[in-house]
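Next come the chains, spelled out residue by residue.
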Amino acid sequence: MTLLVTGGAGFIGANFVLDWLATSDEPVINLDKLTYAGNPETLASLQGDVRHQLVQGDIGDTALVSRLLAEHRPRAVVNFAAESHVDRSIHGPGEFIETNIVGTFRLLESVRGYWSSLPVASVSDREQVPSRSETAPTQESFRFLHVSTDEVYGSLDKDDPAFSETHRYEPNSPYSASKAASDHLVRAWHHTYGLPVLTTNCSNNYGPYHFPEKLIPLMIVNALAGKPLPVYGDGMQVRDWLYVKDHCSAIRRVLEAGRLGEVYNVGGWNEKPNIEIVKTVCVLLDELRPRSDGKSYAEQISYVTDRQGHDRRYAIDARKLEAELGWKPAETFETGIRKTVEWYLANPEWVLHVQSGAYREWVNKNYTGRLA
Ligand code: NAD
Ligand code: TYD
């Protein structure tokens, strides 16, 4: 059996692929457009591993996706591919509409074509969830898992309860609106055509291989470079943080046992104001890589103009996932953030390559002939 992962050279997708192949021999076809955010260097440890094939391409390329599906006959598609950065969506929403909405639509259509060509399972097999021990996917066992965000639910006031799966959609940024649209398409493809879908809506992730344009890696990288740490507005916006490996384990669990057509919120009950996150990063760096002048990295904090339309608070109620599927995060925020800072300290080359774009040279040299 095979898995088709899209966007598997990005932050969460690559962590998912690495985790998957660390514990499973089930091959992964990894379809990624390799935008600025897609970095095959993250997958360097899989070089020469026959269980992993990286294919450079667009989820909206119907001919390519249909060919990959027909050739590899995956039992599931896990869709990470997206434009993912809110600030970029504010300054240039076009790509977000193209990939997150039109791309997801085209992907759904390619997958629907493949899925309807699969054999129908015998009556006795119908109730079974997809399993690695099966030899070929059927219409009943196939799954399309769509990875989405808590930002589709909009912004909470200070005392509002956390987002549950029934919270209404109120996306505020071009990014969250495009993700909300994609969630609706996925829902409609299930309701109308019967496509066996699952959707996960997760809170803010952090961890290894996070592109240093997002809050936590940007603060680590800027601090070490002696640059200002730009905190938007008053820094009191609240996000709910989850270590990326815990997000990956949740996706895996939903893929294994999630109920068809259901939505599962994923979060770690870790609400923190941004300024607290930035100060925590500074404290860890003060301990692990003290500044040569003996001062704290917190001296580099610089309050800057707020983001346009900045959502004040996100919080995830993950009780459905915990109660139904028994999922729990393995990391607390304290353990996860320490691991993250340690990872960035141990991997300056990855950061350097990502920042300079030099990973593209690395890709050309190392992946020649492997990218379709
Ligand atoms: P990322 O930007 O790091 O990675 C996205 C990947 O998708 C990149 O490898 C990129 O090359 C690829 N891609 C972009 N457009 C593509 C296209 N048209 N066809 C094929 N590949 C394409 O993003 P991420 O942080 O890893 O997020 C992955 C998914 O998880 C996204 O759908 C995002 O909305 C969702 N999500 C992210 C977070 C978070 O905190 N980062 C939280 C919840 C949900
Ligand atoms: P970000 O990592 O971009 O994720 P998202 O916007 O999807 O939540 O930002 C996390 C929070 O940090 C958000 O409230 C904006 C804030 N932020 C800053 O204060 N400064 C920064 O330089 C960045 C990138 C984000």
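Undergrad: Is there a simple way to think about the site of ligand 1 in this case?
TA: Close to ligand 1 lie 28 residues; Ile12, Asp32, Ser84, Tyr175 and Lys179 are nearest. Here an oxygen atom of ligand 1 sits 2.8 Å away from a polar atom, N or O, in the main chain of isoleucine 12. Here an oxygen atom of ligand 1 and a side-chain polar atom of lysine 179 are 2.6 Å apart. Here ligand 1, which alone exposes 840 Å², has 97% of that area covered by the protein. When contributions to the shell around ligand 1 are tallied by element, the ones reaching two or more residues are α1 (11-23), β5 (143-149), α5 (174-193) and β7 (204-206). Tallying contributions element by element places β5 first for the shell around ligand 1, with three residues. Here the shell around ligand 1 is built from residues that sort into 12 nonpolar, 12 polar and four charged.

Undergrad: What exactly am I supposed to notice about unusual backbone geometry here?
TA: Negative phi values dominate among residues other than glycine, just as trans dominates among peptide bonds. Residue leucine 34 is not a glycine yet carries a positive backbone phi of 55°. As for its placement among the helices and strands, leucine 34 is situated in the loop between β2 (28-32) and β3 (52-56). What makes leucine 34 buried here is its relative accessible area of 8%. Despite not being glycine, tryptophan 269 shows a phi value in the positive range, around 55°. Within the fold, tryptophan 269 resides in the loop between β10 (263-266) and β11 (271-273).

Calculation notes
- Residues numbered from 1 in each chain as written.
- Chains lettered and ligands numbered in written order.
- Predicted model: local features only at pLDDT ≥ 70, side-chain atom pairs only at ≥ 80, totals over all residues.
- Heavy atoms only, no water.
- Near = heavy atom within 4 Å.
- Polar contact = N/O pair within 3.5 Å; in protein donor to acceptor, adjacent residues only side chain to side chain.
- Areas by Shrake-Rupley, 256 points an atom, 1.4 Å probe, with all protein chains shown as cover.
- Helix = DSSP H or I, 4+ residues; strand = E, 2+ residues; numbered from the N terminus.
- Nonpolar A, V, L, I, M, F, W, Y, C, P; charged D, E, K, R; others polar.
- Buried < 20%, exposed > 50% of the residue type's maximum accessible area, 1.4 Å probe, protein only.

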